[in-house]
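Chain by chain, the residues run as shown.
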Amino acid sequence: QVQLVESGGGLVQAGGSLRLSCAASGIIGGINSMGWYRQAPGKQRELVGSITSSGTTNYADSVKGRFTISRDNPKNTVYLQMNSLKPEDTAVYFCKVNSGAYISYWGQGTQVTVSS
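(A) Structural context of the sheet that holds strand S3 (residues 18–25). With respect to topology, 4 strands assemble into an open sheet ordered S1-S3-S8-S7, the strand pairing being antiparallel. Each edge of the open sheet is held by one strand with a lone partner, namely strand S1 (3–7) and strand S7 (67–72). Averaged over neighbouring strand pairs, the angle between their axes works out to 15 degrees when direction is ignored. Across 5 bridges, the pairing between S1 and S3 is antiparallel. Within S3, the position partnered with Ser-7 by the bridge is Ser-21.

Right under this line is the structure:
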């Protein structure tokens, strides 16, 4: 049974930091890229950042220089360190794990709220 367990969301003041974690288990075919998406109320889900199995990263322009994505391959875990948070970063954050060429799994989402 595939499980993606997210943690680390919460309420923080603008300028503060949070670290999200997503631990994957039960994925038989191995893990390729891992990433974080977010969805604010009334908006479409958008990519925040992604990281390949070799460590190559990609970020949305809105978070470059503030957010850092990393992964621990033996633990099948992906992290998102978020610094200098802004109210516009408020959203539900989802992790996504890709396995093989066509299979993707999503986490349940964790709320991040940044107060001004």
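So that's the structure; there's more coming.
(B) Looking closely at the pairing of strand S4 (residues 34–39). Buried residues dominate S4, accounting for 5 of its 6 residues. Sheet topology places S4 next to strand S5 (residues 46–51); 5 bridges connect them, and they run antiparallel. Bridging across to S5, Gly-35 finds its partner in Ser-50. Counted along the chain from S4 to the antiparallel partner S5, the turn is 6 residues long, and its residue Gly-42 has a positive phi close to 80 degrees. With 6 bridges joining them, S4 and strand S9 (residues 91–99) adopt antiparallel strand pairing. Paired with Tyr-37 across the two strands is Phe-94, which belongs to S9.

(C) Looking closely at the state of the cysteines. Tallied over the entire structure, the rule returns 1 disulfide. Note that Cys-22 is cross-linked by a disulfide to Cys-95, the S-S spacing being 2.0 Å. Of the two residues, Cys-22 is situated in strand S3 and Cys-95 in strand S9; the sequence distance between them amounts to 73 residues. The exposure class assigned to Cys-22 is buried, which follows from its relative accessible area of 0%. The class of Cys-95 is buried, set by a relative accessible area of 0%.

(D) Molecular detail of the packing of aromatic side chains. For the structure shown, the criterion picks out 1 aromatic pair. With a centroid separation of 5.0 Å and an interplanar angle of 65 degrees, the aromatic rings of Tyr-37 and Trp-106 are classed as edge-to-face. Taken together, the residues span a long stretch of sequence, with Tyr-37 in strand S4 and Trp-106 in strand S10 (residues 103–106) at a distance of 69 residues. On the basis of relative accessible area, Trp-106 is assigned to the partly exposed category, the value being 37%. Stacked on the ring of Tyr-79, the Lys or Arg Arg-19 has its end atom at 4.1 Å from the ring centre.

Rules used in this analysis
- Residues numbered from 1 in each chain as written.
- Predicted model: local features only at pLDDT ≥ 70, side-chain atom pairs only at ≥ 80, totals over all residues.
- Heavy atoms only, no water.
- Pairing = 2+ DSSP bridges.
- Helix = DSSP H or I, 4+ residues; strand = E, 2+ residues; numbered from the N terminus.
- Axes fitted to C-alpha atoms, helices over the stretch in contact; angles between N-to-C directions.
- Buried < 20%, exposed > 50% of the residue type's maximum accessible area, 1.4 Å probe, protein only.
- Disulfide = S-S within 2.5 Å.
- Phe/Tyr/Trp six-rings, centres within 6.5 Å; stacked < 30°, edge-to-face > 60°.
- Lys NZ or Arg CZ within 6 Å of the ring centre and 35° of its normal.

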